[in-house]
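Results of the structural survey
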Amino acid sequence: MESKPEIKALKPTTDPKEVSRTLENCFMLGIPIILEDCLETIDPIYEPLLDKQIEGHGAKLAIKLGDGLKEYSPDFRFYITTKLSSPHFAPEV
């Protein structure tokens, strides 16, 4: 029996190199990510996710991350949480 993948947690204070590496791995493997304690502004590295910049390349999906295209699994999920009682996010969020 196969178990569901564990959710990876990121915070806005996480090192950008670690964020990039975690995003790339989770995109390919379909592991969900939760961005915890998010403020009203979100780091631009998450823009391809928020804008759903997913492209089809043959039978595979890809998403632009940084300078190149990374393989994207349709099982990937992205969640955002905040401690703000009434956040005002930009429309793309």
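Refer to the structure above for everything that follows.
Just so we're clear, the structure is a prediction, and the values are computed from it rather than from any experiment.

On to the environment of F76, then. Note that F76 resides in the loop between β5 (68-72) and β6 (78-80). When its relative accessible area of 3% is taken as the criterion, F76 is described as buried. The spatial distance from the C-alpha of F76 to the C-alpha of K11 is 18 Å, given a sequence separation of 65 residues. Setting aside residues up to four positions removed in sequence, F76 forms contacts with C26, F27, G30, I31, I33 and L49.

Overall, parallel pairing links the three strands, which are arranged β1-β2-β6 in an open sheet. The sheet is open, and its two edges are formed by β1 (8-10) and β6, each paired on a single side. Between one strand axis and the next, the sheet turns by 20° as a mean value, whatever way the strands run. Taken together, the three bridges between β1 and strand β2 (residues 33-35) define a ladder with parallel strand orientation. Paired with A9 across the bridge in β2 is I34.

Calculation rules
- Residues numbered from 1 in each chain as written.
- Predicted model: local features only at pLDDT ≥ 70, side-chain atom pairs only at ≥ 80, totals over all residues.
- Heavy atoms only, no water.
- Helix = DSSP H or I, 4+ residues; strand = E, 2+ residues; numbered from the N terminus.
- Buried < 20%, exposed > 50% of the residue type's maximum accessible area, 1.4 Å probe, protein only.
- Contact = heavy atoms within 4.5 Å.
- Pairing = 2+ DSSP bridges.
- Axes fitted to C-alpha atoms, helices over the stretch in contact; angles between N-to-C directions.

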